[in-house]
Each structure stands twice: as structure tokens, then as C-alpha cells.
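Take a look at the letters that make up each chain.
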Amino acid sequence: MSTTVTQQFTEGLPKAELHLHIEGTLEPELKLKLAQRNHIDIGQTSIAEIKKTYNYHDLASFLAVYYPAMNVLQHEADFYDLAMAYLKRAAANNVRHVEIFFDPQAHTSRGIDFATVINGLYQATVDARALNIDARLIMCFLRDFSKESARQTLAEALHYKDKIIGIGLDSDEHNNPPLKFARQFEDAAAAGLHLTTHCDID
Ligand SMILES: [Zn+2]
């Protein structure tokens, strides 16, 4: 089979995307657009400059680039645009079902309301139905944040239980085993949420 035929075949297959961190889908183009829209100085003024900052060799150095980029996400419309940009790309690749991880603590810890995050992301999943994608949201606790922070985050999330399907874990795994959040997972399960924890490096 030629490359073209193989590509056409794989592109045409209906797909499910099951490991997707929405904040990680922020492309330089949208990052620059949101920085300008929100008058945020990210230290770069062109897409080429932003691309140069993508210089990492392990998870820790990746996260050192990844988390500062969150600053461009300020308003509900920003979270909507982030999710919709991904969902449009996914639709073009015939993704029909996606379970999207998001990290509310990466935003609430810098003063953004939980509601701003969840409402923007959720509206994009609703509008994505017109693109023939079934998109669901899984809220992750940041492993390197405290148990107390996870408890507060879950308490907020339960006000939006109809907008998320489950709870997960992400970020730096070193010295942050799932056991640390056992209580929060029990509480989430008792509230009827699905549970997942995944490892990105170990
Ligand atoms: Zn992951």
C-alpha cells in the first residue's frame, strides 16, 4: 500500500482519543492570540519566538515551559477557544469520542475561578456535537499539589457534576503516588464519578 493510501485509510478510520490533556494542546498561534487579546506579556511576540521556548528533555523541564503558558487563559472564552481549537483538529482526523483531561488547579491557583474553566471547556464540548464528536471532561488533581487543595477542588467540582464524567491525576509523579489522594477518590466515587489515575512517565 502506498503512503497515500495508508494515510487515507488511517485518516478515515473513526477514532477514540483517550489520553488528552487539553492545556497541552495550546498551539503557539492560539497562545499568541490569547496573549494579545488579554494584554499579557509572555516574553515572546512572534510564533517563531514561542516555538524556540519549547526546549525540554524530561517531564520536569517540560512542565517548566508548560505551566507558565497557562497565563494566557484568563476568561471563559479563552478556555472555550482552547478546547474548540483541539476539537476542530480532532474532527478533521475523524475522532468521534474524546475524554479530555483538564487541570483546574493550574488555573484556580493563579486566581481564575473554577466556573470560568469548567464553563468554557464544557460549552466547547456541547458545540462539538455539531462536529460529530462526543467529548467528555475528566478533572485531574495535580499530584504535586496538597491533599487539601485536591479536597477543595473536588468540593467545587461537585457543583458541576453534570459537566464532568470522572476524576483523574496528573503532573509530577515523583513522590506523589495515587495513595496520597485516596480520600478524594473515595469521595468522588461516592458522588457517582468515574475514577482513573494514569502515569505519564513511570
Ligand atoms: Zn497524561
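We now turn to the structure provided with this report. As the structure is a prediction and not an experimental result, all values here were calculated from the model.

The rules behind each value
- Residues numbered from 1 in each chain as written.
- Predicted model: local features only at pLDDT ≥ 70, side-chain atom pairs only at ≥ 80, totals over all residues.
- Heavy atoms only, no water.
- Axes fitted to C-alpha atoms, helices over the stretch in contact; angles between N-to-C directions.
- Helix = DSSP H or I, 4+ residues; strand = E, 2+ residues; numbered from the N terminus.
- Left-handed = near helix turned anticlockwise from the far one by under 90°.
- Contact = heavy atoms within 4.5 Å.
- Nonpolar A, V, L, I, M, F, W, Y, C, P; charged D, E, K, R; others polar.
- Pairing = 2+ DSSP bridges.
- Core = buried A, V, L, I, M, F, W, Y, C linked by side-chain atoms within 4.5 Å.
- Buried < 20%, exposed > 50% of the residue type's maximum accessible area, 1.4 Å probe, protein only.
- 1 Å grid on protein atoms, 1.4 Å probe; cavity = no way out; pocket = protein on both sides within 12 Å on 5 of 7 lines; lining within 4 Å.
- Points joined across faces, edges and corners; volume = space filled by probe spheres on them.
- Phe/Tyr/Trp six-rings, centres within 6.5 Å; stacked < 30°, edge-to-face > 60°.

With respect to the packing of helix H5 (residues 76-92) against helix H7 (residues 114-127)
H7 packs onto H5 with a crossing angle of 35 degrees between their chain directions and a minimal axis gap of 7 Å. Where H5 crosses over H7, the two elements pack in a sense that is right-handed. Counting all contacts with H5, which are made through Glu76, Phe79, Tyr80, Ala83, Met84 and Leu87, the residues of H7 involved are Thr116, Val117, Asn119, Gly120, Leu121, Gln123, Ala124, Thr125 and Asp127. Residue composition of the contact of H5 with H7, by class: eight nonpolar, five polar and two charged.

Remarks on the sheet that holds strand E5 (residues 194-195)
Note: strands within a sheet are paired through backbone hydrogen bonds, in either parallel or antiparallel orientation. The strand order across the open sheet formed by five strands is E1-E2-E3-E4-E5, and the pairing between neighbours is parallel. Unpaired on one side and paired on the other, strand E1 (15-21) and E5 mark the two borders of the sheet. By the bridge criterion, five bridges tie strand E3 (residues 134-142) to strand E4 (residues 166-170) in an arrangement that is parallel. The partner of Leu142 across the bridge, within E4, is Asp170. Packed on one face of the sheet, H7 meets strand E2 (95-102) and E3 and runs near 155 degrees to E3.

Observations regarding the nonpolar core
Counting 51 residues, the largest nonpolar core has Ile22, Leu87, Val98 and Phe102 as its most contacted members. The dominant element in this core, judged by the number of residues it contributes, is H5, at seven residues. Excluding residues within four positions of it along the chain, Val98 makes contact with Glu17, Leu20, Tyr86, Leu87, Ile133, Asp134, Ala135 and Arg136.

So, the layout of surface pockets
Estimated volume of the largest pocket: approximately 220 Å³. The wall of the largest pocket is formed by 14 residues, among which His21, Leu59, Phe62, Tyr66 and Asp200 lie closest to the centre. When residues of the lining of the largest pocket are traced back to their parent elements, those giving at least two are E1 and helix H4 (59-66). The biggest single contributor to the lining of the largest pocket is H4, with four residues. Grouping the amino acids of the lining of the largest pocket by side-chain chemistry returns six nonpolar, five polar and three charged.

Concerning the packing of aromatic side chains
Within the structure shown, the criterion is met by four aromatic pairs. Look at Tyr56 and Phe62: their rings are 5.0 Å apart centre to centre, the planes differ by 85 degrees, and that puts the pair in the edge-to-face class. You can call Tyr56 partly exposed: its relative accessible area is 39%. Using a relative accessible area of 26% as the deciding quantity, one classes Phe62 as partly exposed. Centre to centre, the rings of Phe141 and Phe181 are 6.0 Å apart; their planes meet at 20 degrees, and the pair counts as stacked. A residue pair is termed long-range when its members are at least 10 positions apart, and Phe141 in strand E3 and Phe181 in the loop between E4 and helix H9 (182-190) qualify at 40 residues. Like Phe181, Phe141 is buried. Every member of this aromatic cluster is reached through a ring pair, and the members are Phe141, Phe181 and Phe185.

Bear in mind that shape data such as this cannot, by itself, settle questions of function.
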